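# Fold and geometry: a report
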Amino acid sequence: GDSVTQMEGPVTLSEEAFLTINCTYTATGYPSLFWYVQYPGEGLQLLLKATKADDKGSNKGFEATYRKETTSFHLEKGSVQVSDSAVYFCALSDQGGGFKTIFGAGTRLFVKA
Amino acid sequence: SAVISQKPSRDICQRGTSLTIQCQVDSQVTMMFWYRQQPGQSLTLIATANQGSEATYESGFVIDKFPISRPNLTFSTLTVSNMSPEDSSIYLCSAWDTKNIQYFGAGTRLSVL
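A brief report on the enclosed structure follows. Remember, predicted model here, so these are calculated numbers, not experimental data.

## So, the pattern of salt bridges
For the structure shown, the criterion picks out five salt bridges over all chains. The partner of K77 of chain A in a salt bridge is D84 of chain A, and the shortest N-O contact between them spans 2.7 Å. For K77 of chain A, a relative accessible area of 9% gives the class buried. Here K100 of chain A and E58 of chain B are joined by a salt bridge, their closest N and O atoms 3.0 Å apart. Of this pair, K100 of chain A sits in the loop between strand 10 (86–93) and strand 11 (101–103) while E58 of chain B sits in the loop between strand 6 (56–57) and strand 7 (68–72), each in a different chain. For K100 of chain A, a relative accessible area of 32% gives the class partly exposed.

Okay, structure coming up:
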């Protein structure tokens, strides 16, 4: 079945450092890919998405590109802030499969001032 | 965008009892789902909440343990029945809007003693 693998955390960075969180997927169809963020004590929020190969999703300085050839959707940000400290989930959803979402394990990011 | 109100936000329950969690969306949505998130872990799909009919459960989840209702497009309930300490978790509802964006409630943090 479909699956998502993302790098384990926690990841600890200093403010203004470059962030990469790796995510790879396996899927039989043509899924949409997502990054969700979960701040402490809150539900998940959509950070960005890409619906087809070579699409780049971006939001709040974060970006990720749907790479079909490497089945990857790595999250990047050029300069992190303390307020970016959260748990980040990579996910896929095959809308032809009823909108069910499969999530990666989550990566906790700590950003130090 | 959609706002999902989920309640209660947390509860402490005795084993053998049941808890019903409510999820209300403030706008038109299509699909609604219930997830479980165990501490420090990713989200696992419990079931798809189908309007006016029985929910569709994922492997490992059964209706007798997790009865779900969805009487209209914007409201759903999940009951955790005959609880045991292993049911201690965060339960999240989600909904997809007509623009194919998925929103999550803030979650219900359940502790079973």
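## Section: the nonpolar core
Counting 28 residues, the largest nonpolar core has W34, I46, F66, I68, L78, Y91 and L110 of chain B as the members making the most contacts within it. When residues of this core are traced back to their parent elements, those giving at least two are strand 3 (19–25), strand 4 (29–37), strand 5 (43–49), strand 8 (75–80), strand 9 (89–97) and strand 11 (108–112) of chain B. Residue contributions to this core peak at four residues, all from strand 3 of chain B. Ranked by size, the runner-up nonpolar core spans 26 residues in total, among them V80, C90, L92 and L109 of chain A.

## Some details on the state of the cysteines
Two cysteines joined by a covalent bond between their sulfur atoms form a disulfide. Tallied over the full model, the rule gives two disulfides over all chains. Across a sulfur-sulfur distance of 1.9 Å, C23 of chain A and C90 of chain A are joined as a disulfide pair. With the S-S bond torsion at -70 degrees, the cross-link from C23 of chain A to C90 of chain A turns out left-handed. Of this pair, C23 of chain A sits in strand 4 (residues 23–26) while C90 of chain A sits in strand 10, and the two are 67 residues apart along the sequence. The same class applies to C23 of chain A as to C90 of chain A, namely buried. Put simply, C23 of chain B and C93 of chain B are joined by a disulfide, and their sulfur atoms are 1.9 Å apart. An S-S torsion of about 65 degrees defines the bridge between C23 of chain B and C93 of chain B as right-handed. Here C23 of chain B is found in strand 3, whereas its partner C93 of chain B is found in strand 9, with 70 residues between them in sequence. When its relative accessible area of 0% is taken as the criterion, C93 of chain B is described as buried. The cysteine C13 of chain B is free of any disulfide, with C93 of chain B supplying the nearest cysteine sulfur at 17 Å. Taking relative accessible area as the criterion, C13 of chain B reaches 8% and is therefore assigned buried.

Criteria and thresholds
- Residues numbered from 1 in each chain as written.
- Chains lettered and ligands numbered in written order.
- Predicted model: local features only at pLDDT ≥ 70, side-chain atom pairs only at ≥ 80, totals over all residues.
- Heavy atoms only, no water.
- Salt bridge = Lys/Arg side-chain N within 4 Å of Asp/Glu carboxyl O.
- Buried < 20%, exposed > 50% of the residue type's maximum accessible area, 1.4 Å probe, protein only.
- Helix = DSSP H or I, 4+ residues; strand = E, 2+ residues; numbered from the N terminus.
- Core = buried A, V, L, I, M, F, W, Y, C linked by side-chain atoms within 4.5 Å.
- Disulfide = S-S within 2.5 Å.

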